Amino acid sequence: MDDKDIDKVLSSLSQDIKKDRLWAFRTTIALAIIAVLTVVLLVWGF
Amino acid sequence: MGILVLAIILIAADQVRVRVQFGRGAQFLTGFSVALFASLLLLPVQDVVIAAVIASVMSVFFESNAWIKRVVNAASFTAASVAACGWVYLFGNDLAGLVAAGVIFEVVNFASLGVAFVTKEHMTLGELADEWPSTAYLAILAPFVGFGIGWLLLNAPLLFPLLMGGLIVGLRPGYFVFAGKSLLRGSWHTTPDTFQSLSKLSPIHNHFG
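Residues numbered from 1 in each chain as written. Chains lettered and ligands numbered in written order. Predicted model: local features only at pLDDT ≥ 70, side-chain atom pairs only at ≥ 80, totals over all residues. Heavy atoms only, no water.

A. Up close: the layout of surface pockets. Of the volumes computed, that of the second largest pocket is approximately 540 Å³. Lining the second largest pocket are 29 residues, with B:Gly31, B:Val34, B:Ala35, B:Ile149 and B:Leu167 positioned closest to its centre. At the level of elements, helix 1 (3–44) of chain A together with helix 1 (2–14), strand 1 (17–22), strand 2 (25–30), helix 2 (31–42), helix 6 (125–155) and helix 7 (160–171) of chain B are the ones that each hand at least two residues to the lining of the second largest pocket. Grouping the constituent residues of the lining of the second largest pocket by class yields 25 nonpolar, four polar and no charged. (1 Å grid on protein atoms, 1.4 Å probe; cavity = no way out; pocket = protein on both sides within 12 Å on 5 of 7 lines; lining within 4 Å. Points joined across faces, edges and corners; volume = space filled by probe spheres on them. Helix = DSSP H or I, 4+ residues; strand = E, 2+ residues; numbered from the N terminus. Nonpolar A, V, L, I, M, F, W, Y, C, P; charged D, E, K, R; others polar.)

This is how it looks when you write it as C-alpha cells:
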C-alpha cells in the first residue's frame, strides 16, 4: 500500500465521517422539531 | 392549523431514518410511518390523512436525490398513507387495526416503488424479491413502535421528553462520545462486515445523494 492508497482511504474515511456528522445533525434537529411540536399539539389539546 | 403542525411533524419524522437489513435486502425505517401510526392512534383520521398527504407531497423538497426519484417516492408515500388512513377509517385504530394499516402502508409503498424499480431501473423481479423481507419486517415494526409512542403520549406524556432524549442520544452513538473527531470511532461493532454507524450501513441507498 503506497501513499496514494493511504490518501484514498483517508479521504474516503473523512468523507464518510462528514456524511455521518451531517446525518447525526439532521436526525437530531428532526427529533427536536418532533418533540417540540408534539408538545405544542398536546398543550393545544390536539 | 393543527393539521399544519402535524404535517411539519411528519416531515421532520421523515428525516429520521434507520436502515433495517433483512437477508440480502434492506429498507429505511423512516420516522414517517411511525409518526403516522402514532397520529392515527391519537387524532381523527380525517385530519391525519390531510396532514399525511401534505407531508408526503412536501417531502419532494426535502430529499436530495434526482427529481424523478423524489416524485416517485412522494407519490408512493401519498398512496400508502391514504391507503393506511382509509383502513383505519373503516376498521378502527386499535392495535390490530394499526398493524393491518401498517401492512397495507408497506404493501402499497413497496408495490408502487417496485413498478418504478422494474420499469425505470430495470431491476429484475429476483432483486425486487430480495427487498421484500425487509419491507415486510418494517410493516410489522412501524405500527408497533407508532402504537407505543402514541400510547405513551396518551398515558404518560411526561415521559415523552425522556423518550425523545433517549432517541437523540441513541441514534448518534459515535458522535455522542467522540464528537466526530476520532478515526477509530468507538467499538460499537467489532465483528467483521459490520459498520461503525447507522448512516454508513447505507452505501447504495445513500440519503445524502
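After presenting the structure, the write-up continues.
B. Highlighting the packing of helix 4 (residues 67–91) of chain B against helix 5 (residues 95–120) of chain B. All names here are of chain B. The contact between helix 4 and helix 5 brings their axes to 8 Å, and the two run at 155 degrees. Considering the angle they form, helix 4 stands roughly antiparallel to helix 5. Along this stretch, helix 4 crosses helix 5, giving a crossing that reads as right-handed. Here Val 72, Asn 73, Ser 76, Phe 77, Ala 79, Ala 80, Ser 81, Ala 83, Ala 84, Trp 87 and Val 88 of helix 4 lie close against helix 5, whose contacting residues are Gly 97, Leu 98, Ala 100, Ala 101, Ile 104, Phe 105, Val 108, Asn 109, Ser 112, Leu 113 and Ala 116. Its residues assigned to classes, the contact of helix 4 with helix 5 comprises 16 nonpolar, six polar and no charged. (Axes fitted to C-alpha atoms, helices over the stretch in contact; angles between N-to-C directions. Parallel < 35°, antiparallel > 145°, perpendicular 65-115°, else oblique. Left-handed = near helix turned anticlockwise from the far one by under 90°. Contact = heavy atoms within 4.5 Å.)

C. Structural detail: the packing of aromatic side chains. Residue and element names in this part refer to chain B. Enumeration over the complete set of coordinates arrives at seven aromatic pairs over all chains. Ring centres 6.1 Å apart and planes at 75 degrees place the aromatic pair Phe 37 and Phe 105 in the edge-to-face group. Linking Phe 37 in helix 2 with Phe 105 in helix 5, this pair joins segments that are 68 residues apart in sequence. Here Phe 105 falls in the buried class, since its relative accessible area comes to 1%. Residues Phe 61 and Trp 67 carry aromatic rings whose centres are separated by 6.3 Å and whose planes lie at 75 degrees to one another, so their mutual orientation is edge-to-face. Accessibility expressed as a relative area gives 55% for Phe 61, which makes it exposed. Through successive ring pairs, a cluster of aromatic residues spans Phe 32, Phe 37, Phe 77 and Phe 105. (Phe/Tyr/Trp six-rings, centres within 6.5 Å; stacked < 30°, edge-to-face > 60°. Buried < 20%, exposed > 50% of the residue type's maximum accessible area, 1.4 Å probe, protein only.)

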